[in-house]
Amino acid sequence: MKIHIDGRLYEKEDAKVSVFDHGLLYGDGVFEGIRAYNGRVFCLREHLARLFNSAKGIHLEIPQSKAEIESALLDTVRANRLKDAYIRLVVTRGTGDLGLDPRKCKRATVIIIADKIALYPEKVYEKGLTLITSSLRRMSPDQLSPSIKSLNYLNNILARAEATRAGADEAILLNQQGYVAECSGDNIFFLRDNKAYTPPVSSGILEGVTRNVVMKLIREQLGIEVREELFTCFELYRAEEAFVTGTGAEVIGVTKIDGREIGHGAAGPLTKRIIELFRKYASQNGTPIYKGAGAAR
Ligand code: PXG
C-alpha cells in the first residue's frame, strides 16, 4: 500500500509523521472520508470544499491548492490500483513543539490514504441498525463548530462506545438544546406522512455530503418533500421509517431507537428505495480516476 505524505508516496511501513505533529498532540487538524465507486471518486469537489472550509474555520493554511490536492488524491488511488476505495484525506497543523502555539508549526502536513473499502455486510441494509441516544451531547456551535470536520473526534468516539456497551450499533447525539443532531458518524433522517425530516445544519451537525445527495434524490427522484427541522427523540420513536446517511454507511435503515421498534423491525419500503437510488447515483457519478473511466463529474 502506498500512502501520500506532503507530496511524496511512501510504503505503508515508511508512512510516518513526527510525534511532534500537532494533529497527534492536540487533534489540531481537519480531515475528510471519501469514497470511490467503480473507478470514480464520489463528490470529490464537495469533500474538497468542506476540507478547505474546515481548515479556514481553524485558521489552518493548506499548503496546496484544491487542484493540487485533487491530483495528489487521484495519484494515490492510482498508485494503489483501486477502483472502489475508502480515501482518508488528513491535514494536520504540522510539526511543532510541545506547546499549544500553532505558530510553531511551520507547515501543515497533508496525508492521503487510499484503502480497500470495508463494506457493511449486505444483511445490515436489510435488517437495519439499532440506535441509542447517547448521554453525550454534540458540541455547541460556539465551541468547536460541529460543521468543522476536525481531528477532535473523542466526543463521537465516546458516544459510539456507549452504543456498543448498550448492545446498539450507533449513537444519536442531541444538540445542546436537547434536539436530535446526528449520529456519531452519520446524519439522521425520518419519514412520516410522506415527508422526510432531517435536522438543519444550524442545529449543530456536520453537513454530510451523503445527506445533501440524499436530500436531492428524495426531492427530485421521489418527489417527496424534505424538511430541515429541529425534532426530538420522540418524533423518531413515532416515525414510520428512519435511516442514517454517511460516506461509509451510504444509506442504512434504523429499526430500533432506545428500545422502541421503528416501523416493523426491518428497513422500511421508502428507505429501501432511497438505498437503491443512492447506489445507482453513486455508481454513475464522480471524478474519473483512470483514463476512459466514462462520464465526467
Ligand atoms: N456526521 C458526522 C459526525 C460524521 O463524522 C457524517 C455525519 C456523514 O458525513 P458524510 O459527508 O460522510 O456524508 C460524518 C462522516 C467511518 C467514518 O469510518 C465516518 C465518518 C467520519 C469518520 C469515519 O465510518 N462520517
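Structure: see above.
Analysis parameters
Residues numbered from 1 in each chain as written. Predicted model: local features only at pLDDT ≥ 70, side-chain atom pairs only at ≥ 80, totals over all residues. Heavy atoms only, no water. Near = heavy atom within 4 Å. Polar contact = N/O pair within 3.5 Å; in protein donor to acceptor, adjacent residues only side chain to side chain. Areas by Shrake-Rupley, 256 points an atom, 1.4 Å probe, with all protein chains shown as cover. Helix = DSSP H or I, 4+ residues; strand = E, 2+ residues; numbered from the N terminus. Domains from an automatic or database assignment. Salt bridge = Lys/Arg side-chain N within 4 Å of Asp/Glu carboxyl O. Buried < 20%, exposed > 50% of the residue type's maximum accessible area, 1.4 Å probe, protein only. Core = buried A, V, L, I, M, F, W, Y, C linked by side-chain atoms within 4.5 Å. Contact = heavy atoms within 4.5 Å. Expected span 1.5 Å × (residues − 1).

1. Some details on the site of the ligand
Logical step 1: Tyr153, Glu182, Val209, Thr210 and Thr247 are the nearest of the 21 residues found near the ligand.
Logical step 2: In this structure, an oxygen atom belonging to the ligand sits 3.4 Å away from a side-chain N or O atom of Lys149.
Logical step 3: Within the side chain of Thr247, one N or O atom sits 2.5 Å away from an oxygen atom of the ligand.
Logical step 4: Look at the ligand: alone it shows 550 Å² of surface, and the protein chains cover 84% of it.
Logical step 5: Of all the secondary-structure elements, those providing two or more residues to the shell around the ligand are β5 (85-92), β9 (180-183), α6 (209-221) and β13 (241-246).
Logical step 6: Taken together, domain 1 (2-115) and domain 2 (122-283) each give at least three residues to the shell around the ligand, which thus spans both.

2. A word on the pattern of salt bridges
Opposite charge on two side chains permits them to pair, given that their charged atoms come into close proximity.
Logical step 1: Evaluated as defined, the whole model comprises 17 salt bridges.
Logical step 2: Put simply, Glu122 and Arg279 hold a salt bridge, and the shortest N to O gap is 3.3 Å. Residue Glu122 is located in helix α4 (residues 122-127), and its partner Arg279 is located in helix α8 (residues 269-284); the two are separated by 157 residues in the primary sequence.
Logical step 3: A residue is classified by how much of its surface remains accessible, and Arg279, at 30% relative accessible area, is partly exposed.
Logical step 4: A salt bridge links Arg227 to Glu229, with the nearest nitrogen and oxygen atoms 3.6 Å apart.
Logical step 5: Classification of Glu229 by relative accessible area gives partly exposed; the value is 32%.

3. With respect to the nonpolar core
Logical step 1: Membership of the largest hydrophobic core comes to 45 residues, with the highest contact counts inside it found for Ile172, Ile218 and Phe278.
Logical step 2: Taken domain by domain, this core gets at least three of its residues from each of domain 1 (2-115) and domain 2 (122-283).
Logical step 3: If we skip the residues at most four places from it in the chain, Ile218 touches Phe189, Ala196, Gly223, Ile224, Val226, Phe243 and Ile274.
Logical step 4: Within the second largest apolar cluster, 27 residues are counted, among which are Ala72, Leu73, Ala108 and Ile112.

4. Considering unusual backbone geometry
Logical step 1: With phi around 45°, Asp6 is a residue other than glycine that occupies positive phi space.
Logical step 2: With respect to the secondary-structure elements, Asp6 resides in the loop between β1 (2-5) and β2 (8-11).
Logical step 3: The backbone phi angle of Asp193 is positive, close to 50°, even though this residue is not glycine.
Logical step 4: As for its placement among the helices and strands, Asp193 is situated in the loop between β10 (187-192) and β11 (195-198).
Logical step 5: On the basis of relative accessible area, Asp193 is assigned to the exposed category, the value being 57%.

5. Things to note about α6
Logical step 1: Compared with an ideal rise of 1.5 Å per residue, which puts 13 residues at 18 Å, α6 spans 18 Å between its outermost C-alpha atoms and is within 8% of the ideal.
Logical step 2: The complete set of buried residues in α6 reads Val209, Thr210, Arg211, Val213, Val214, Met215, Leu217 and Ile218.
Logical step 3: One or two residues past the end of α6 sits Gly223, with phi positive at roughly 65°.

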